[in-house]
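Inside the fold
The chain contents come next:
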Amino acid sequence: MSTLPAPSEHAGHWQLDPETVFLNHGSYGACPTAVLEAQRRFRDQMEREPVRFFMLDIEAMLDLSREAVADFVGCDIEGLAFLPNVTQAVATIIDNLMLKPGDEVVVNDHEYSACVSTFTKAARRAGARVVKATIPFPTPSADAIYEAVMAVVTPRTRIALFSHITSPTALVFPAGRLTASLRARGVEVLIDGAHVPGQIPLDVRGINAHYYTANLHKWPCCPKGTAFLWVHPERRGGFEPLALSARAHLERADRDRFRALFDYIGTADYTGFLALPEAFAFLVSLEGSWEALEMRNRALTLEARRVVCDALGCEPATPDELVGTMATVVIPGVGLPSGGTAPGKYEDPLQEKLVENHRIQVPVWSLPSQGQRLLRISCQAYNSIAQYEYLAGALRVELAKE
Ligand SMILES: Cc1ncc(COP(=O)(O)O)c(C=O)c1O
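Residues numbered from 1 in each chain as written. Predicted model: local features only at pLDDT ≥ 70, side-chain atom pairs only at ≥ 80, totals over all residues. Heavy atoms only, no water.

In this section: the site of the ligand. Near the ligand, the surroundings consist of 13 residues, among which Thr 87, Asp 192, His 195, Asn 215 and Lys 218 are the closest. Residue Asp 192 places a side-chain N or O atom 2.6 Å away from a nitrogen atom belonging to the ligand. Here the ligand has 390 Å² of accessible area as a free molecule, and 90% of this is covered by the chains. Broken down by class, the residue content of the shell around the ligand amounts to 3 nonpolar, 8 polar and 2 charged. (Near = heavy atom within 4 Å. Polar contact = N/O pair within 3.5 Å; in protein donor to acceptor, adjacent residues only side chain to side chain. Areas by Shrake-Rupley, 256 points an atom, 1.4 Å probe, with all protein chains shown as cover. Nonpolar A, V, L, I, M, F, W, Y, C, P; charged D, E, K, R; others polar.)

Moving on: the nonpolar core. The tendency in soluble globular proteins is for nonpolar side chains to be buried side by side. Counting residues in each nonpolar core, the largest one holds 79 residues, and the members touching the most others are Val 69, Leu 182, Tyr 212 and Phe 228. Here the element with the most residues in this core is helix H3 (residues 50-73); it accounts for 9 residues. When we break this core down by domain, the ones giving at least three residues each are domain 1 (11-23 + 288-401) and domain 2 (36-281). Those residues in contact with Val 69 that lie beyond four places of it in its chain are Gly 74, Leu 80, Phe 82, Leu 216, Phe 228, Leu 276 and Phe 280. Ala 81, Ile 93, Ile 159 and Leu 161 belong to the second-largest nonpolar core, a separate cluster that totals 28 residues. (Core = buried A, V, L, I, M, F, W, Y, C linked by side-chain atoms within 4.5 Å. Buried < 20%, exposed > 50% of the residue type's maximum accessible area, 1.4 Å probe, protein only. Helix = DSSP H or I, 4+ residues; strand = E, 2+ residues; numbered from the N terminus. Domains from an automatic or database assignment. Contact = heavy atoms within 4.5 Å.)

Time to look at the side chain of Thr 139. Summarising the element assignment, Thr 139 is placed in the loop between strand E4 (129-133) and helix H6 (142-150). Residue class for Thr 139 comes out buried when judged on its relative accessible area of 1%. Polar side-chain contacts of Thr 139 include one of 2.7 Å to the backbone oxygen of Pro 136. Setting aside residues no more than four positions away along its own chain, Thr 139 makes contact with Ile 145, Leu 171, Ala 317, Thr 318, Pro 319 and Leu 322.

Turning next to the layout of surface pockets. Each pocket or cavity is described by its volume, and for the second largest pocket that value is around 330 Å³. Lining the second largest pocket are 23 residues, with Leu 83, Pro 84, Ile 265, Ala 268 and Tyr 270 sitting closest to its centre. The set of elements that each furnish at least two residues to the lining of the second largest pocket consists of helix H2 (33-48), strand E2 (80-83), helix H4 (86-97) and helix H11 (271-274). Sorting elements by how many residues they give to the lining of the second largest pocket places H11 first, with 3 residues. Considered class by class, the residues forming the lining of the second largest pocket number 11 nonpolar, 9 polar and 3 charged. (1 Å grid on protein atoms, 1.4 Å probe; cavity = no way out; pocket = protein on both sides within 12 Å on 5 of 7 lines; lining within 4 Å. Points joined across faces, edges and corners; volume = space filled by probe spheres on them.)

Moving on: the domain arrangement of the protein. Per the domain assignment, the segments of the protein are domain 1 (11-23 + 288-401) and domain 2 (36-281). Placing a centre on the C-alpha atoms of domain 1 and another on those of domain 2 gives a separation of 27 Å. In this assembly, 27 residues from domain 1 lie in contact with 31 residues from domain 2. Taking both sides of the interface into account, the surface hidden between domain 1 and domain 2 amounts to around 2,300 Å²; carbon and sulfur atoms contribute 60%. Interface area lost by domain 1 to domain 2 is led by Trp 290, Leu 322 and Met 326, which between them contribute 28%. On inspection of domain 1 and its partner domain 2, the count reaches 13 residue pairs in polar contact (both at pLDDT 80 or more). Counted by class, the side of domain 1 that touches domain 2 contains 13 nonpolar, 11 polar and 3 charged residues. (Buried area = accessible area lost by both parts, 1.4 Å probe.)

Another aspect to go through is the pairing of strand E6 (residues 188-192). When you tally the buried positions in E6, you get 5 out of 5 residues, the bulk of the element. Residues Glu 188, Leu 190 and Asp 192 of E6 are buried on one face, and the alternating residues Val 189 and Ile 191, pointing to the opposite face, are buried as well. Note that strand E5 (residues 157-163) and E6 share 5 bridges and pair parallel. For Ala 160, the partnering residue across the bridge sits in E6 and is Val 189. At this point the chain moves from E5, through helix H7 (residues 175-184), to the parallel E6, and the crossover so formed is right-handed. Relative to strand E7 (residues 211-215), E6 runs parallel, the two sharing 3 bridges. Counted as the bridge partner of Asp 192 is Thr 213 from E7. (Pairing = 2+ DSSP bridges. Right-handed = clockwise from strand over helix to strand, strands pointing away.)

Now the structure itself:
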């Protein structure tokens, strides 16, 4: 009989190890059994007749998923492409930009490193420059985020990239306001919404960025390898995938080129995308609607953050308005300069202690630009407040030993 705190009443729908207190939905998501079974049925269909599947069926099947995604995230189907993850979607956008010598690219110090690395590579090749805004953490307000980004915009700024919800610090950015001001300064906007669908309500068209990409394998709990990229009509003409498939040279009267190019980018497992409508329906069934699920998880996040902050004797790092269904707490100690993302081990020794001594999976990392050591909690339908109370006790024990 486990002595670990019980997860929520929904946890039985997931395949998560009952001997692990899983508080890191944010990094890779977690897919419920019913959704994996739906994907399995599409895999069976693919393997029964692969030629028919790839040559005749796949486009119409992807269109059904496209309609479900467009409805969920608030955009038109014509500019919606499926890609395996945000890392590749951002690389695809950057490749289409064709940066020029002297261009400036605005990022900030809370961005996911893959996106900054790809921009740095493209800028080096083009003779352009990456400019990094510093966003204070703890973060007093949405205004502080807005002002920090806008402060580094110059007449040379070609494009700005920002996360709608940041990875290390879980900040909800004022995406619409930033987009409107950047557009007014003649700057293109690329939004990394990796964590957004399923955490907070999303209206992609209303935000009006030039490019919006997000993961569906994170908060909507879809199969791994499911992300989308939406391209504004202003930038859709001539926009192409990184790799052109064996169908790319064909002139098609029956399908617009954007969708035809992105619907088949070589042989791969597209079944995760086909399972999206069933995944959405399953997640909605848990609490009755997306809104109810997001509200439940957000309320749990605010309560869990308070429990952890009380145990550490610290204040929350952000006002509630900047919180979705993850929260980052500044914990005692110095953050590692690498940010805590090295594979092959848990980089911060505290993360390893939490796994080894308490069976808690939660990320301990840092914001290298500002030196703090950070702990990020995630709250999904399978989590319960008892699990964060247990985390708070474990943190007290392990930090006292340091
Ligand atoms: C803000 C942000 N952007 C991009 C990514 C990359 O997502 P993926 O690994 O699915 O490409 C992540 C992953 O955690 C993220 O947090």
